[in-house]
Amino acid sequence: MSSIEWDERTFSRLAYLGDPRIRENLVAYVLTKANLDEDKYENTVVVENLKTGSRRFVENASMPRLSPDGKKLAFMRSNEEKKTGEIWVVDLETLSSKKVLTSKNVRSIQWNGDSRRLLVVGFKRRDDEDFVFDDDVPFWFDNMGFLDGERTTFWILDTESEEIIEQFEKPRFSSGLWHGNGVVINVPHREGSKPALFKFWDIYLWKDGEEERLFDGVSFEAIDSDGRAILLRGKRKKRFISEHDWLYLWDGELKPVYEGPLNTGQAKLDGGRVYFTLANAGRVNLHIWDGEVKQVTAGDHWVMGFDVHDGKVAALIETATRLRELYIYDGELRQLTDYNGPIFAKLKTFEPRHFKFKSLDLEIDGWYLKPELEEDEKAPVIVFVHGGPKGMYGHYFKYEMQLMASRGYYVVFVNPRGSDGYSEDFALRVLERTGLEDFEDILNGIEEFLKLEPQADRERVGITGISYGGFMTNWALTQSDLFKAGISENGISYWLTSYAFSDIGLWYDVEVIGPNPLENENYRKLSPLFYSENVKAPLLLIHSLEDYRCPLDQSLMFYNVLKDLGKEAYIAIFRRGPHGHSIRGKPKHRSKRYRLFFEFFERKLKKHEEGFDVEKVLK
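For clarity, every value in this text was computed on a predicted model and none was experimentally measured. (Residues numbered from 1 in each chain as written. Predicted model: local features only at pLDDT ≥ 70, side-chain atom pairs only at ≥ 80, totals over all residues. Heavy atoms only, no water.)

Draft legend 1. Layout of the layout of surface pockets. In this structure, the second largest pocket spans a volume of roughly 440 Å³. Along the wall of the second largest pocket there are 18 residues; nearest its centre are I573, F574, R575, K592 and L618. Those elements that place two or more of their residues in the lining of the second largest pocket are β39 (569-574), α11 (587-606) and α12 (614-618). At five residues, β39 tops the list of elements feeding residues into the lining of the second largest pocket. (1 Å grid on protein atoms, 1.4 Å probe; cavity = no way out; pocket = protein on both sides within 12 Å on 5 of 7 lines; lining within 4 Å. Points joined across faces, edges and corners; volume = space filled by probe spheres on them. Helix = DSSP H or I, 4+ residues; strand = E, 2+ residues; numbered from the N terminus.)

Structure follows, in structure tokens:
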């Protein structure tokens, strides 16, 4: 028997790769490992030489940036004692290094073409030790905390003299990048009393202390530049935030790059060509535009991040059964790293089985994992619902799914209307109807799955999800008797308080649920809280206290009302962690969450136990 098995700690054995960068024959990326004993993540920057095959390591480092001349590496290092971030520069020939800046709040760094100056984008706040104050919205933001009068800061750092030679400020949520020796700045456009976040931008060119407005109130933002042209992602004008993002080049004239049926993801400009990803029916592949669009990679996988230089691409690619590894594309695709190969060689993984089904007026994609079963054995079912609604399931690695399949559960997941990876019309169909036809899509997908797999036990179906998936879990237990247990994580139970309390409620909820929240009946009609009396199945609510996207009130209200009605409900509140605490929480946090997750379904769908003794569960 292998010493490596699926449990709540298996994730800490795996290596996680991120932030790839390429220049000539050098590739840099971040290698992250979870240290459960010390309850922290350990980040190492790895620099690989594609020509010699050598590797160099920089410990306690992140945000690697190779200089344009390929001679230096800039990176960030956390100083946990002083609670600051440090920017370092390494000479890649001698491996000598020096610290060039210490700052409390750095969000991005980028080399200028001269391989000497860095553009450092960060922020400043009031930082009063007794209270926070604001006169703008939102008051807080997920994974960023209380904004406290935040302003975006821009510094031009000379790495030779180690001095900031130019600096300026812009409103919060601004961003910037080099454009030759100038800086292109994206600033949220204002409409009346609030910024038009996620929808409209004002774009400026800052150079030598002077500013030129390039665009006013457009729905795209600058994401890359080669010094001659600026790459823009979004649309000329959006009606809805949920619309797809397209790509444009601007060199004094706006030129479309991609205005197709799918949603674009990451995009880079290289030698006049544009490299970009497209989400397509559960897959994310790389494409190139050089006057026309061509597909670069094809397969059942997700390109999770990439960089490109002189036509050579460094990409992180992940499948449903393997975590992301680094690949190089230079006319053909080849795998460069295999950090997790020896681990997965000892772990049983489960390949998704794809099916399509008709739901109302649409054809929907679904998948399921089949556990190892005896010939006549019946198995319980867990239905997963993705976040969003404009999220997407498909061919990427989902830890909880593999964990539950390994424990003898069927795992079912579908992309209901509203999901990414399909037409824009498909994505927009949930607006002002969230929980209606999209829920029917999920139910119809389950019915189709049950026809395909007679060993699936209809009497033992559970449901779970995070964010929109948490909302849908709450909704499902109030609208259907099919589900015999649910785990709702960081979900929504009452849309009116979400609108008024969430960091994005003033923008997103008025689109997904409808305008005029104080008068619109949708805010009650589509809220699970008001159907609490219908709940028959046991429900575990998991929430993180520092979630400002779907704040704690959503789960706590639902829990209190369910308990008042005598329903079987439990709540676990993690003291730390943002909305994405399932992957961003500290290692011990994640381990305990995984334990709660599978033990609850084990006790409710397999053992049919009463109660849920958390001390016994975690012992």
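Draft legend 2. A look at the environment of R429. Locating R429 in the fold gives a position in the loop between α3 (424-428) and α4 (437-452). With relative accessibility at 27%, the residue R429 sits in the partly exposed group. As a C-alpha pair, R429 and V257 span 172 residues in sequence and 26 Å in three-dimensional space. The residues contacting R429, other than those within four sequence positions of it, are D361, L362 and R417. Of the polar contacts made by the side chain of R429, one reaches the side chain of D425; its length is 2.9 Å. (Buried < 20%, exposed > 50% of the residue type's maximum accessible area, 1.4 Å probe, protein only. Contact = heavy atoms within 4.5 Å. Polar contact = N/O pair within 3.5 Å; in protein donor to acceptor, adjacent residues only side chain to side chain.)

Draft legend 3. Layout of the sheet that holds strand β22 (residues 246-250). Across the sheet, which stays open at both edges, the seven strands sit in the order β15-β16-β19-β20-β21-β22-β23 with antiparallel pairing between neighbours. Both edges of this open sheet fall to β15 (175-179) and β23 (254-258), since each of them pairs with a single strand only. When strand polarity is set aside, the average angle formed by the axes of neighbouring strands in this sheet is 40°. Pairing of strand β20 (residues 210-225) with strand β21 (residues 230-235), which is carried by six bridges, proceeds in the antiparallel orientation. Bridge pairing in β21 links A222 to L232. (Pairing = 2+ DSSP bridges. Axes fitted to C-alpha atoms, helices over the stretch in contact; angles between N-to-C directions.)

Draft legend 4. Layout of the pairing of strand β6 (residues 72-79). Counting buried positions along β6 yields seven of eight residues, so the element is predominantly enclosed. Between the antiparallel neighbours strand β5 (residues 62-66) and β6 lie five residues, among them G70 with a positive phi of about 75°. In this sheet, strand β7 (residues 84-91) lies alongside β6 in antiparallel orientation, the contact comprising eight bridges. Bridge pairing in β7 links K72 to D91.

Draft legend 5. Broad picture of the pattern of salt bridges. Scanning the entire structure with this criterion turns up 53 salt bridges. Two residues, E160 and K72, come together in a salt bridge whose shortest N-O distance is 3.9 Å. Placement of the pair is E160 in the loop between β13 (151-158) and β14 (163-171) and K72 in strand β6, with a sequence separation of 88 residues. Under the relative-accessibility criterion, K72 is labelled buried at 15%. With a shortest N-O distance of 2.7 Å, E489 and R593 are connected by a salt bridge. Placement of the pair is E489 in strand β37 (residues 483-489) and R593 in helix α11, with a sequence separation of 104 residues. Judged on exposure class, the residue E489 and its partner R593 are both buried. (Salt bridge = Lys/Arg side-chain N within 4 Å of Asp/Glu carboxyl O.)

Draft legend 6. Expanded view of the nonpolar core. Counting 117 residues, the largest nonpolar core has V383, F449, F483 and F601 as its most contacted members. The dominant element in this core, judged by the number of residues it contributes, is α11, at seven residues. Residues contacting V383, with those up to four places away along its chain left out, are V412, I442, I446, V461, G462, I463, T464 and F483. Judged by nonpolar contacts, the second largest core, of 28 residues, contains W246, Y248, W250 and V274. (Core = buried A, V, L, I, M, F, W, Y, C linked by side-chain atoms within 4.5 Å.)

Draft legend 7. Spotlight on helix α7 (residues 505-512). The buried fraction of α7 amounts to six of the eight residues, a majority that puts the element mostly inside the structure. Of the positions making up α7, those classed as buried are G505, W507, Y508, D509, E511 and V512. Positive phi shows up at G514, right after α7, with a value of about 140°.

Draft legend 8. Structural detail: the packing of aromatic side chains. Summed over the entire model, instances satisfying the criterion amount to 43 aromatic pairs. Measuring from centroid to centroid gives 5.4 Å for Y393 and F413, while their planes differ by 75°, and the two rings are edge-to-face. Here F413 lies in strand β35 (residues 410-414) and Y393 lies in the loop between β34 (379-385) and α2 (399-406), a separation of 20 residues in the sequence. Ring centres 5.6 Å apart and planes at 85° place the aromatic pair F597 and F601 in the edge-to-face group. Residue F597 and its partner F601 are located together in helix α11, separated by four residues, close to a single helical turn. Neither residue differs from the other here; F597 and F601 are each classed as buried. (Phe/Tyr/Trp six-rings, centres within 6.5 Å; stacked < 30°, edge-to-face > 60°.)

Draft legend 9. Broad picture of the environment of G182. Topologically, G182 is positioned in strand β16 (residues 182-188). A relative accessible area of 1% places G182 in the buried class. A sequence separation of 27 residues divides G182 from G209, and the C-alpha atoms of the two residues are 9.6 Å apart. Setting aside chain neighbours within four positions, we find G182 in contact with L177, L205, W206 and K207.

Draft legend 10. Quick look at a nonpolar patch on the surface. Taken together, the side chains of V132, F139 and F146 make up a nonpolar region of the molecular surface, amounting to roughly 220 Å² of accessible area. With respect to the helices and strands, F146 occurs in strand β12 (residues 145-146). In this structure F146 comes out as partly exposed when scored by relative accessible area, which is 35%. (Patch = residues over 30% accessible without salt bridge, like charges linked within 9 Å, V, L, I, M, F, W, Y side chains within 5 Å. Areas by Shrake-Rupley, 256 points an atom, 1.4 Å probe, with all protein chains shown as cover.)

Draft legend 11. Spatial organisation of the side chain of T10. Structurally, T10 is set in the segment before β1 (16-23). Overall, T10 belongs to the buried group, its relative accessible area being 1%. In terms of polar contacts, T10 uses its side chain to reach the backbone carbonyl oxygen of E5, at 2.6 Å. With residues up to four places along the chain from it excluded, the contact list for T10 reads E5, L347 and Y399.

Draft legend 12. Structural context of empty space enclosed by the protein. Counted according to the given criterion, the structure contains two cavities of 30 Å³ or more. Put simply, the largest cavity is a space of about 50 Å³. Along the walls of the largest cavity sit A320, P352, L369, G394, Y396, K398, M401, Q402 and F413, which together make up its complete lining. Class assignment of the residues belonging to the lining of the largest cavity gives a composition of six nonpolar, two polar and one charged. Considering only enclosed or pocket space, the second largest cavity measures out at about 30 Å³ in volume. Taken together, S242, P389, K390, G418, A427, V430, L431, Y508 and V512 make up the full set of residues lining the second largest cavity. A class-by-class count of the residues in the lining of the second largest cavity yields six nonpolar, two polar and one charged. (Nonpolar A, V, L, I, M, F, W, Y, C, P; charged D, E, K, R; others polar.)

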